[in-house]
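Architecture at a glance
Residue strings, one per chain:
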Amino acid sequence: MIPDWKVVQDYLEILEFPELKGIIFMQTACQTVQHQRGRRQYNKLRNLLKDARHDCILFANEFQQYCYLPRERGESMEKWQTRSIYNAAVWYYHHCQDRMPIVMVTEDEEAIQQYGSETEGVFVISFKNYLDNFWPDLKAAHELCDSILQSRRERENESQESHGKEYAEHLPLEVLEAGIKSGRYIQGILNVNKHRAQIEAFVRLQGASCKDSGLVSDILIHGMKARNRSIHGDVVVVELLPKNEWKGRTTALCENDSDDKASGDPPSEPMPTGRVVGILQKNWRDYVVTFPSKEEVQSQGRNAQKILVTPWDYRIPKIRISTQQAEALQDFRVVVRIDSWESTSVYPNGHFVRVLGRIGDLEGEIATILVENSISVVPFSEAQMCEMPVNTPGNPWKVSPEEERERKDLRETHLVFSIDPKGCEDVDDTLSVRTLANGSLELGVHIADVTHFVPPSSYIDTEARTRATTYYLADRRYDMLPSILSADLCSLLGGVDRYAVSVIWELDRTSYEIKNVWFGRTIIRSAYKLFYEVAQELLDGNVSVVEDIPELKNLDTKSRQAKLEELAWALGKLTDIARHIRAKRDRCGALELEGVEVRVQLDEKKNIHDLIPKQPLEIHETVAECMILANHWVARKIWESFPHQALLRQHPPPHQEFFSELRECAKAKGFFIDTRSNKTLADSLDNANDPNDPIVNRLLRSMATQAMSNALYFSTGSCAEEEFHHYGLALDKYTHFTSPIRRYSDIVVHRLLMAAISKDKKMEIKDNLLSNKDLEELCRHINNRNRAAQHSQKQSTELFQCMYFKDKDPENEERCISDGVIYSIRTNGVLVFIPRFGIKGAAYLRNKDGLVISCGLDSRSEWKPGSLQRFQNKITSTTTGGESVTFHLFDHVTVRISVQASRCHSDTIRLEIISNKPYMIPDTELFHQSSLLLKSDLVKEVTRSVEEAQLAQEVKVNVIQEDYQKYCQTKGRSLYTLLEEIRDLALLDVSNSYVM
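Residues numbered from 1 in each chain as written. Predicted model: local features only at pLDDT ≥ 70, side-chain atom pairs only at ≥ 80, totals over all residues. Heavy atoms only, no water.

1. A word on the overall build of the protein chain
Short version of the rule: Here a helix means four or more residues in a row that DSSP labels H or I, a strand means two or more in a row labelled E, and each is numbered from the N terminus. Type-normalised accessible area, obtained with a 1.4 Å probe on protein chains alone, sets the label of each residue: buried when under 20%, exposed when over 50%, and partly exposed for intermediate values. Two residues form a contact once any of their heavy atoms are found within 4.5 Å. Note that accessible areas follow from Shrake-Rupley with a 1.4 Å probe, and for residues the cover is restricted to the protein chains shown.
In terms of regular secondary structure, the protein chain is built from 30 helices and 39 strands. Within the protein chain, the proportion of its 996 residues that are buried is 56%. Contacts spanning at least 24 positions in sequence make up 69% of the contacts within the protein chain whose residues lie at least 6 apart. Here the protein chain displays about 45,100 Å² of accessible surface, and carbon together with sulfur accounts for 49% of that area.

2. Let's talk about the sheet that holds strand 16 (residues 408–409)
What counts is decided by this rule: Two strands qualify as a pair provided that DSSP identifies no fewer than 2 bridges between them. For helices, the fitted line uses only the C-alpha atoms of the stretch in contact; every axis is such a line through C-alpha atoms, and the angle between N-to-C directions lies from 0 to 180 degrees.
Pairing is mixed across the open sheet formed by 7 strands, whose spatial order is 16-23-22-19-18-17-24. The sheet terminates laterally at strand 16 and strand 24 (528–531), the two strands that pair on one side only. Judged from the 11 bridges that link them, strand 22 (residues 497–507) and strand 23 (residues 514–525) form a sheet pairing that is antiparallel. Counterpart to Asp497 in the pairing with strand 23 is Arg525. The sheet strands contacting helix 18 (residues 532–539) are strand 17 (416–420) and strand 24, and the helix crosses strand 24 at an angle near 90°.

3. Topic: the sheet that holds strand 10 (residues 274–281)
In spatial order, the strands read 8-7-6-9-10; together these 5 strands make up an open sheet with antiparallel pairing. Taken across any chain shown, the strands that pair with only one partner, and hence form the sheet edges, are strand 8 (219–222) and strand 10. Neighbour-to-neighbour, the strand axes of this sheet turn through a mean angle of 40°, independent of strand direction. Sheet analysis places strand 9 (residues 235–240) next to strand 10, joined by 6 bridges and oriented antiparallel. Each residue of the ladder has a partner; that of Leu240, found in strand 10, is Gly274. Most of the contacts of helix 8 (residues 173–182) go to strand 10, to which it runs at about 115°, and overall it touches strand 6 (186–192), strand 9 and strand 10.

4. Observations concerning the nonpolar core
To be explicit about the condition: We define the nonpolar core as a collection of buried residues of types Ala, Val, Leu, Ile, Met, Phe, Trp, Tyr and Cys that are connected through side-chain atoms lying within 4.5 Å of one another.
Core analysis: the largest hydrophobic core is formed by 96 residues, its most contacted members being Phe417 and Leu571. When residues of this core are assigned to their parent elements, the largest contribution, 11 residues, is made by helix 21 (residues 618–641). The residues touching Phe417, leaving out its near neighbours within four places in the chain, are Thr430, Leu431, Ser526, Tyr528, Leu530, Leu567, Ala570, Leu571 and Leu574. Counting 68 residues, the second largest nonpolar core, distinct from the first, contains Met1, Val8, Phe59 and Ile85.

5. Re helix 23 (residues 678–687)
For helix 23, the set of buried residues is Asn678, Thr680, Leu681, Ala682, Ser684 and Leu685. Elements in contact with the buried residues of helix 23: helix 20 (557–588), helix 22 (660–668) and helix 24 (695–707).

6. Points about helix 25 (residues 744–760)
The cut-off we apply is this: Under the convention used throughout, the expected extent of a helix is 1.5 Å for every residue step, that is, one less than its residue count.
Along its 17 residues, helix 25 runs 25 Å from first to last C-alpha, staying within 8% of the 24 Å computed at 1.5 Å per residue. Of all 17 residues that make up helix 25, 15 are buried, and the element is covered over most of its length. Two residues or fewer past helix 25, Lys762 is found with a positive phi of approximately 55°.

7. Remarks on the environment of Val546
For Val546, the location among the structural elements is in the loop between helix 18 and helix 19 (550–553). Spatially, the C-alpha atoms of Val546 and Val534 are 8.4 Å apart, while their sequence positions differ by 12 residues. Leaving out residues up to four positions away in the same chain, Val546 has contacts with Leu552, Arg560 and Leu564.

8. A look at the side chain of His351
By secondary structure assignment, the location of His351 is in strand 15 (residues 349–358). What His351 contacts, discounting residues up to four positions off in sequence, is Glu13, Leu144, Ser147, Ile148, Ser151, Ile321, Val335, Val336, Arg337 and Asp339.

9. Section: the packing of aromatic side chains
Selection criterion: We call Phe, Tyr and Trp rings a pair once their centres come within 6.5 Å, taking the six-membered ring for Trp, and we label the pair stacked below 30 degrees between planes, edge-to-face above 60, and tilted otherwise. Sitting over a ring, as applied to charges here, requires NZ of Lys or CZ of Arg to be within 6 Å of the ring centre and within 35 degrees of the ring normal.
Here the structure, examined in full by the defined rule, presents 15 aromatic pairs. Where Phe59 meets Trp91, the ring centres are 5.6 Å apart and the plane angle is 5°; that geometry is what we call stacked. Highlighted residues: Phe59 in strand 3 (residues 57–59) and Trp91 in helix 4 (residues 77–95), separated in sequence by 32 residues. Here Phe59 falls in the buried class, since its relative accessible area comes to 15%. Three or more aromatic residues joined by ring pairs form one cluster here, namely Tyr11, Phe127, Tyr130 and Phe134. In this arrangement the basic side chain of Lys225 is found over the ring face of Tyr167, its NZ or CZ atom lying 5.4 Å from the centre. Sitting above the plane of the Tyr713 ring, Arg649 keeps its charged end 4.5 Å from the centroid.

10. What about the packing of helix 22 against helix 24?
To be explicit about the condition: An angle below 35 degrees is treated as roughly parallel, one above 145 as roughly antiparallel, one from 65 to 115 as roughly perpendicular, and anything else as oblique. The crossing is said to be left-handed when, going from far helix to near helix, the turn is anticlockwise and less than a right angle, and right-handed when the turn is clockwise. Amino acid classes used here: Ala, Val, Leu, Ile, Met, Phe, Trp, Tyr, Cys and Pro are nonpolar; Asp, Glu, Lys and Arg are charged; the rest, including Gly, are polar.
It is at 9 Å that the axes of helix 22 and helix 24 come closest, and there the two elements cross at 165°. Classified by the angle between their axes, helix 22 and helix 24 sit roughly antiparallel to one another. For the pair helix 22 and helix 24, the sense of crossing is left-handed. Contacts from Leu662, Cys665 and Ala666 of helix 22 reach helix 24 at Leu700, Met703 and Ala704. For the contact of helix 22 with helix 24, the per-class residue count stands at 6 nonpolar, no polar and no charged.

11. Points about the pattern of salt bridges
This is how the line gets drawn: Each reported salt bridge corresponds to a side-chain nitrogen of Lys or Arg within 4 Å of a carboxyl oxygen of Asp or Glu.
In total, this model carries 52 salt bridges according to the counting rule given. Residue Lys6 pairs with Asp10 through a salt bridge whose shortest N-O separation is 3.5 Å. Of the two residues, Lys6 and Asp10 both sit in helix 1 (residues 5–10), 4 residues apart, roughly one turn of that helix. In this structure Asp10 comes out as buried when scored by relative accessible area, which is 5%. The residue Arg521 makes a salt bridge to Asp449 at a minimum N-O spacing of 2.8 Å. Placement of the pair is Arg521 in strand 23 and Asp449 in the loop between strand 19 (441–448) and helix 16 (459–467), with a sequence separation of 72 residues. Ionic contacts of the salt-bridge type, sharing partners, join the residues Glu404, Asp409, Arg411, Glu412, Asp497 and Arg525 into one network.

12. Some points on unusual backbone geometry
Glycine aside, residues mostly have negative phi angles, and peptide bonds mostly take the trans form. Phi at Gln97 takes a positive value of approximately 60°, unusual for a residue other than glycine. The exposure class assigned to Gln97 is exposed, which follows from its relative accessible area of 54%.

13. Thoughts on the packing of helix 20 against helix 21
The geometry of a pair of packed helices is captured by two quantities: the angle between their axes and the separation between those axes. The geometry of helix 20 relative to helix 21 is characterised by a closest axis approach of 8 Å and an angle of 65° between their N-to-C directions. In this view, helix 20 runs roughly perpendicular relative to helix 21, as classed from their interaxial angle. Of the two elements, helix 20 crosses helix 21, and the hand of that crossing is left-handed. Residues Leu571, Leu574, Thr575, Ala578, Arg579, Ile581, Arg582 and Arg585 of helix 20 touch helix 21, and the partners they reach there are Glu618, Ile619, Glu621, Thr622, Glu625, Cys626, Ile628 and Leu629.

14. Points about the confidence of the model for the protein chain
Put simply, the test is: By definition, pLDDT measures how confident the predictor is in each residue, and it falls between 0 and 100.
Residue-level pLDDT values for the protein chain average 83, and 85% of them are 70 or greater. For the stretch residues 256–265, pLDDT sits under 50, and the model shows 19 contacts to residues farther than four places along the chain or on other chains. Between residues 595–603, whose pLDDT stays under 50, and residues either more than four places distant or in other chains, the model counts 43 contacts.

15. As for the environment of Leu911
By the element assignment, Leu911 lies in strand 38 (residues 908–915). According to the relative accessible area criterion, Leu911 is buried, its value standing at 4%. Here the alpha-carbon distance between Leu911 and Val899, two residues 12 residues apart in the chain, equals 8.5 Å. In this structure Leu911 touches Val832, Ile834, Gly841, Ala842, Ala843, Val895, Arg896 and Ile897, once residues within four positions along its chain are discounted.

16. Let's talk about the pairing of strand 29 (residues 817–825)
With 9 of 9 residues buried, strand 29 is to be regarded as a mostly interior element. Examined bridge by bridge, strand 29 and strand 37 (residues 892–900) share 5 bridges and lie antiparallel to one another. The residue bridging Asp819 from the neighbouring strand is Thr894, located in strand 37. Direction of pairing for strand 29 relative to strand 30 (residues 829–834): antiparallel, over a ladder of 4 bridges.

17. Concerning the state of the cysteines
Our working rule: The disulfide definition used here is simple: a pair of cysteine sulfur atoms within 2.5 Å.
In this structure the tally under the stated criterion is 0 disulfides. Between Cys719, a cysteine without a disulfide, and Cys779, which holds the nearest cysteine sulfur, the sulfur-to-sulfur distance is 9.9 Å.

Structural data, given as structure tokens:
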């Protein structure tokens, strides 16, 4: 089957069905998608072609001598494209010696009439006829096809009926490109403010526009008319308005756009303001939507088949689709895809794709999060699993003689051990330290050799590359690699032989300065699988924890004591080395931005039982410093060997204006934050400690974190060496090498390191390395997937927070009342951090009725007529009766937590100040035992409620087994990454950002 350009454009989601294999895509059709449908649709097509499971082919017909056809004079582009594809189909049929019939599918009725019977063996039919004749039982494809056809007919009818234009026409591409080059127009990415989606959007400058425009801030796009049919994430071209028409961003908190109009709060200082004149790349994707209720359908006053659906994402406008199932789908989350947005239409047009699940149902809401972040969790295929090694009781995996000859064997010479949270099973890093014969010290970091089991361009490598990372949600994870690797053969478990890639340094025994370094493949056998708490106790000299070390339990007293002393020495020496490394980075300005450490408790089934806030252990920093050191040295090595095609990680310095709120907040407490460099910032944060309130420093560090830009992967051939620097770690070169089980970037780095070693030995480089261009494209993909992973993790945590509080009575439930700390002042409210639950959110001081908060003699709050007056570090509420209350930055207040339910969007946490005094929990002992309700508690309680509801409906499912059988995935959170990822949890924003 060969689809023409129109079929590829309109029916791509049907062509993605796994049943449709062996499709031949012509270059002409693919280029049309790229130019007319934007980056996302084109990337979907490219991923389909790359996916070995679909067995599809790209044929470069325009570069084949007998397929290429020049465009005739007066011939439309569309007719030429269809003619070219048909000509290539005929050539292909003859190339196959007329033995294989070819079916060309097209939506061009004239082409069907003209070419349908022209060549024997080449059939030209419509896509619907193709499905009817070849796939009569593929019901989902038929339904989707009908939906797309109906949507198209509605658009055509509307276009004929409509005369007036709602929006200005976009300028031609050549005009846009010339305008950008001359400086008249500016290119950037549209970011819609989700709190004022109908009013405010900002364009972040991109490419040459960023350097040439002279602007130091984003460009404000005010209103839907000025946005001109562009959607959040589109690459747009903007024309600046005259300065007297510039507007300022609104400074008030709001729940929806109408609040802004009612509040009367003045906007901020005018900023560059513009209007969209064209779109270079559309960001259209699958959108999760909710159908209107019966009453809403009636209020729309439309034909029942034409429905305005509301996207789950506030930033996306309503989408008009044609369907006869509106009533049946009212209670479900549904996926739609945008087809077009004409200048004559207020809303974009789209079509129905599939149903996800019921609104409010846990699995349906999780599916929504996955779709909204373009995360596909298809099962590992049979072809991929067939590439996996075998490790069963009857056929155990063992080290091969060939690998024993080629690798350095550390099993008998090195004391190798891992230090991880309790219950960790996917161990991809171990450590070693010993004294050499010459008196020097030897430090080793040994990382799982994943690339031994994942050859380049293999089926499993292609899948891992597509996923790019392991996705961690609040109650589950979706692994990048099958569990036979991630939890078994690539996990450096105790007492078993494993392949590793090692970095081994020779250090001066007193100064710990590095004298030499060795990189290479090794064989290790980890002697101990230590928990952080046990390692810390040994470090502190407490040998009573020997009972918690299984490897020592069955030894006699003398042997046990000797082994214990050997292990304690190694831990002490490692920690001394780590202190030296950290001090060296500190002198260069390394930042410590997160302020929360937790202890992980597991139940007997290895599930997370609890996370207890505590003081950080030094052993955490010891392990982290060793990993940072390895990443740094590997970065140096691969850059020296491949200066134009190495994968590194950069963290650019933040813009100084982003620190303004941090500086003002610190000033309110009498602290000065010097942000001129990472060194001065780190020192300032260390000094900004309030002995009476440790929350202050945590919040200041959180603000500093929010001011930072994200660290990103890049190819060294794409930017100058002075741009390689990692601001947060204070290192000139950095990469990710130490977690290849869960990050594809680390797999690429391992291959680069092996190639660098082969190059040093003047051996042939086995793996074909990526060019700078290909590596840069891969880095963009990995960065994109990392952002999706972060967003999905955050959104799933918010989902569980809301589901946990939703069933609680905020008036009577003790857990719904908590202490909060004010960390930002707005014109109509404050932003509050709740340490107990790790929640940040808005608390309004003026409600929708225009009443302001008042606190009586008993400090209890109530709403009364009055006004608000905002100052730099405080806000005062004054009633018409003369009562006033002032809230200062970092004041502790009592807050009530409830859930603001939404049928169309995600539920959100709602905070209400009920007293201007700190909240004193009745049982202080209970408070100290568990002062922070973290994600584990939310997950346990919400999951239990869901399971009880399922049992009540007699729906018997085993979620863990089902996930494993269906996806070959592990249920539960990866404990290896908890210390790295959970730090953000206690300072997690309930909503992504608030209007400044």
